[in-house]
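What follows is the residue order along each chain.
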Amino acid sequence: MRGKRKKNYEGHNVWRSYSDMMAGLLLLFVLVMCISFMQAQKNYQERLAEESAHAETTSLLQSQLEEQQALLNEQESELDEQAALLASQQTDLDEQSALVASQQESLDAQSALLAQQEAELEEQQALVASQQAELDEQSALVSSQQAALEEQQLKIEQIIGVKADLIAALKEEFDAQDLVVTIDESDGSIVLDSSVLFGFNEYTLTEEGQTLLGQILPIYCSVLMSDEYYDYLAEIRIDGYTDTTGTYYSNLQLSQSRAFAVAAYLLELGTISSSDLEKLEEKLSVNGHSWADPVYAEDGSVDADASRRVEIKFSLKDEDMINELKEILDESAAATETEETDAASAAEETDASENDSSGEDVAGNENSSDEDIIQVE
């Protein structure tokens with residue numbers, strides 16, 4: 001029994017050992033399987049991570065590839081545009097080359113023309129030099145004429161100055177005597193209304209006319225025959241005028257008779273010294289003009305009252321000659337200026353320098369009439 005138990009016990013131990021071994025093996029297997037699973041899990045995760053990274057890398061590379069493809073397409077488009085532009089520029093260059101060739105031909109032609117013009121210019125310069133010499137001669141002649149003009153102008157200004165001084169002296173003397181007399185600014189003549197001096201169609205002085213003449217004539221003549229002005233005095237004139245009524249001859253007799261009446265009253269007045277009377281007789285002249293110089297109203301009709309008048313006038317020596325001389329000098333100055341202008345124009349047309357000499361105008365004073373009038377108010 002003890003042997004049987006021992007035998008059972010030993011058998012039991014065997015199976016127990018086998019069971020333990022199998023359990024150990026199973027545990028080892030499970031452990032191996034766990035380790036393997038864990039390793040597989042790890043490997044799987046690493047592979048997933050690698051695939052994810054690879055996918056991201058692939059996506060990034062794809063995006064970069066697409067960008068590069070777009071850039072390449074854009075560059076190809078720009079290259080096509082540049083190629084077209086280059087072709088256009090080549091065409092323009094060909095056209096410009098043809099234009100340059102044409103311009104070169106024109107330049108050669110212009111060079112030949114310029115050489116011809118230079119030759120013509122030399123001829124024109126020679127002509128200008130000749131004209132300049134003539135112009136210098138004319139300038140010298142103008143200078144000589146200008147000197148003569150200035151001398152004559154000085155003489156004219158002297159005569160005009162004497163007349164202005166004489167008129168001023170007449171005004172001053174009448175003002176000193178409290179006589180209201182309007183004196184013409186040009187030569188100091190006076191006009192007397194015939195209706196005051198005479199009756200209608202008569203030539204005998206009225207008392208009022210004698211009074212008027214007694215106030216005016218002595219002062220007028222005394223100034224004219226003073227030592228300061230007598231040497232310049234050429235003439236004292238008494239002129240009679242009528243209106244346009246009646247015949248010319250009858251009015252001529254009437255105007256002459258009235259002028260004689262005024263002259264006779266002046267000579268017989270008795271307020272003039274014998275020496276001045278002799279001087280007055282040398283200078284005095286009397287004229288009748290009939291209706292030759294009527295006075296017109298503003299509407300153009302004849303003013304009969306103003307036309308019937310007696311004028312007392314004076315003129316200075318050489319005055320008529322000087323007036324004519326002034327006209328001649330003015331014409332001469334204008335002609336000289338015209339000649340110089342023509343010469344300057346000719347010089348400009350030949351591209352020469354402008355000449356410096358030019359005709360100068362004679363600075364003359366205003367022409368004064370010998371027949372100006374002073375109204376007695």
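Residues numbered from 1 in each chain as written. Predicted model: local features only at pLDDT ≥ 70, side-chain atom pairs only at ≥ 80, totals over all residues. Heavy atoms only, no water.

S.K.: Would you take a moment to explain a negative patch on the surface for this structure?
M.R.: A contiguous patch of negative charge on the surface is contributed by Glu74, Glu76, Glu78, Asp80 and Glu81. With respect to the helices and strands, Glu76 occurs in helix 1 (residues 2-176). Using a relative accessible area of 41% as the deciding quantity, one classes Glu76 as partly exposed. (Patch = residues over 30% accessible without salt bridge, like charges linked within 9 Å, V, L, I, M, F, W, Y side chains within 5 Å. Areas by Shrake-Rupley, 256 points an atom, 1.4 Å probe, with all protein chains shown as cover. Salt bridge = Lys/Arg side-chain N within 4 Å of Asp/Glu carboxyl O. Lys, Arg positive; Asp, Glu negative; His and termini not counted. Charge placed at Lys NZ, Arg CZ, Asp CG, Glu CD. Helix = DSSP H or I, 4+ residues; strand = E, 2+ residues; numbered from the N terminus. Buried < 20%, exposed > 50% of the residue type's maximum accessible area, 1.4 Å probe, protein only.)

S.K.: I'm lost on the pairing of strand 4 (residues 309-316) in this one. Help?
M.R.: Each regular strand carries side chains that alternate between the two faces of the sheet. With 8 of 8 residues buried, strand 4 lies mostly within the body of the structure. Burial of strand 4 is two-sided: the residues Arg309, Glu311, Lys313 and Ser315 facing one way and the residues Val310, Ile312, Phe314 and Leu316 facing the other way are all buried. Both strand 1 (residues 190-193) and strand 4 contribute to a ladder of 4 bridges, which runs antiparallel. Bridge pairing in strand 4 places Leu192 opposite Val310. Inspection of the sheet shows strand 2 (residues 233-241) paired to strand 4 by 8 bridges, in the antiparallel sense. Bridged to Glu235 within strand 4 is Ser315. (Pairing = 2+ DSSP bridges.)

S.K.: Looking at this structure, how should I read helix 3 (residues 207-224)?
M.R.: Each α-helix turn comprises 3.6 residues. Residues three or four places apart therefore point the same way. For helix 3, spanning 18 residues, the distance from its first C-alpha to its last is 26 Å, which sits close to the expected 26 Å at 1.5 Å a residue. At Leu213, helix 3 shows its maximal kink, close to 30°. Considered for burial, the residues of helix 3 that qualify are Gly209, Leu212, Leu213, Ile216, Leu217, Pro218, Ile219, Tyr220, Cys221, Val223 and Leu224. (Expected span 1.5 Å × (residues − 1). Bend = angle between axes of the 7 residues up to and from the residue.)

S.K.: What is the right way to read a nonpolar patch on the surface from this model?
M.R.: A cluster of nonpolar residues, Trp15, Tyr18, Met21, Met22, Leu25, Leu28, Leu31, Val32 and Ile35, forms a patch on the protein surface that exposes about 910 Å² of accessible area. Position of Leu28 relative to the elements: it lies in helix 1.

S.K.: How do you make sense of helix 4 (residues 248-267) when you look at a structure like this?
M.R.: Spanning 20 residues, helix 4 covers 28 Å between terminal C-alpha atoms, matching the ideal 28 Å at 1.5 Å per step. Check the buried side of helix 4 and you find it contacts helix 2 (194-197), helix 3, strand 2, helix 5 (274-283), strand 3 (284-288) and strand 4. (Contact = heavy atoms within 4.5 Å.)

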